[in-house]
Amino acid sequence: MDSCSEAYSRFLSGDKDAMTEIIIEYRDGLLLFLKGIVGDIYIAEDIMEQTFMLLAIKKPRDKGGSSFKTWLYTIARNLAIDYLRKKRRSNEVDIEAIGEIWNDENLLEEKYIKKEEQILIRRAMNNLRNEYRQVLWLCYFEEMSNKEISKVMKKSIRSVEAMLYRAKKALREELEKEGINGVND
C-alpha cells in the first residue's frame, strides 16, 4: 500500500490532515496532466479541485486492483473528459487573458520540470495529439507502467504500447523541427 493510499484510508477514518498530504503529493503533476487534456491551466485547476473535492465529500472507495495514483488520475481524466463533452455540446469559447495563462503555466512548469531538456520536451508535446500528450505524460512524468496507463486511459495494454510508440515517434519529429536531435526514448 503506497503512502497516499494509506493517507486516504486515514482520511476516510476521520483524519482531516491526511487529505492535505494527498493534495500536496499530487497537485502539480495532476494539474499539468489535466492542462494537457483541456488546454487551459485555469480550467485544469478547476478540474483538479473538483477531483480532490470529490474525494473529500463523496469519499468514494478505491475498488483496488491499481495504485492510488492510477485511481486518482483516472477520476481526474474522467472529469476532464466530462468537461470537454459539455463544452463541445454548449460550443462555448472561453477567452482568457493569454499573457496570464502563459505566465502561470511557465511558473508551474519551471517549478515541476527542472531540467532544460524536459522543458523543451514538454513544449514539443503541446504540438502533439491529445492522446499522445496524455500517454507520454503518464509514462515519463508520472512514471506509470503501461498497465497503469491502460487503466487511466481505458485502453488495452497493447493499444497503449502502440500509442506510446507512435507518440514517441511524433515527439521525436516535433523535437527535430525545433532543431533538437538525438533525444533518447
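Scope of this entry: the structure provided in the associated data block. (Residues numbered from 1 in each chain as written. Predicted model: local features only at pLDDT ≥ 70, side-chain atom pairs only at ≥ 80, totals over all residues. Heavy atoms only, no water.)

1. Side note on the overall build of the protein
For step 1, the next point in the chain: Along the protein, the regular secondary structure elements total nine helices and zero strands.
For step 2, the next point in the chain: Going residue by residue from the N terminus, the α and β elements of the protein occur as α-α-α-α-α-α-α-α-α.
For step 3, the next point in the chain: Across the 185 residues in the protein, those meeting the buried criterion constitute 42%.
For step 4, the next point in the chain: Partitioning the contacts of the protein with sequence separation of at least 6, the portion at a separation of at least 24 is 63%.
For step 5, the next point in the chain: Working note: accessible area of the protein is about 10700 Å², and carbon and sulfur atoms make up 48% of it. (Helix = DSSP H or I, 4+ residues; strand = E, 2+ residues; numbered from the N terminus. Buried < 20%, exposed > 50% of the residue type's maximum accessible area, 1.4 Å probe, protein only. Contact = heavy atoms within 4.5 Å. Areas by Shrake-Rupley, 256 points an atom, 1.4 Å probe, with all protein chains shown as cover.)

2. With respect to the side chain of Thr74
For step 1, the next point in the chain: Take Thr74: it is sitting in helix α4 (residues 68-90).
For step 2, the next point in the chain: Thr74 gets classed as buried once you look at its relative accessible area, which sits at 15%.
For step 3, the next point in the chain: When residues no more than four places from it in sequence are discounted, the contact partners of Thr74 are Lys151 and Val152.

3. Side note on empty space enclosed by the protein
Over the atoms, a rolled probe matching the size of one water molecule traces out where space is still vacant.
For step 1, the next point in the chain: According to the stated counting rule, one finds one cavity of 30 Å³ or more in the structure shown.
For step 2, the next point in the chain: Considering only enclosed or pocket space, the largest cavity measures out at about 50 Å³ in volume.
For step 3, the next point in the chain: Around the largest cavity, the lining residues are Leu32, Phe33, Gly36, Arg122, Met125, Arg133, Gln134 and Trp137.
For step 4, the next point in the chain: For the lining of the largest cavity, the secondary-structure elements that each account for two or more residues are α2 (17-38), α6 (116-125) and α7 (130-141).
For step 5, the next point in the chain: For the lining of the largest cavity, the class distribution of residues is four nonpolar, two polar and two charged. (1 Å grid on protein atoms, 1.4 Å probe; cavity = no way out; pocket = protein on both sides within 12 Å on 5 of 7 lines; lining within 4 Å. Points joined across faces, edges and corners; volume = space filled by probe spheres on them. Nonpolar A, V, L, I, M, F, W, Y, C, P; charged D, E, K, R; others polar.)

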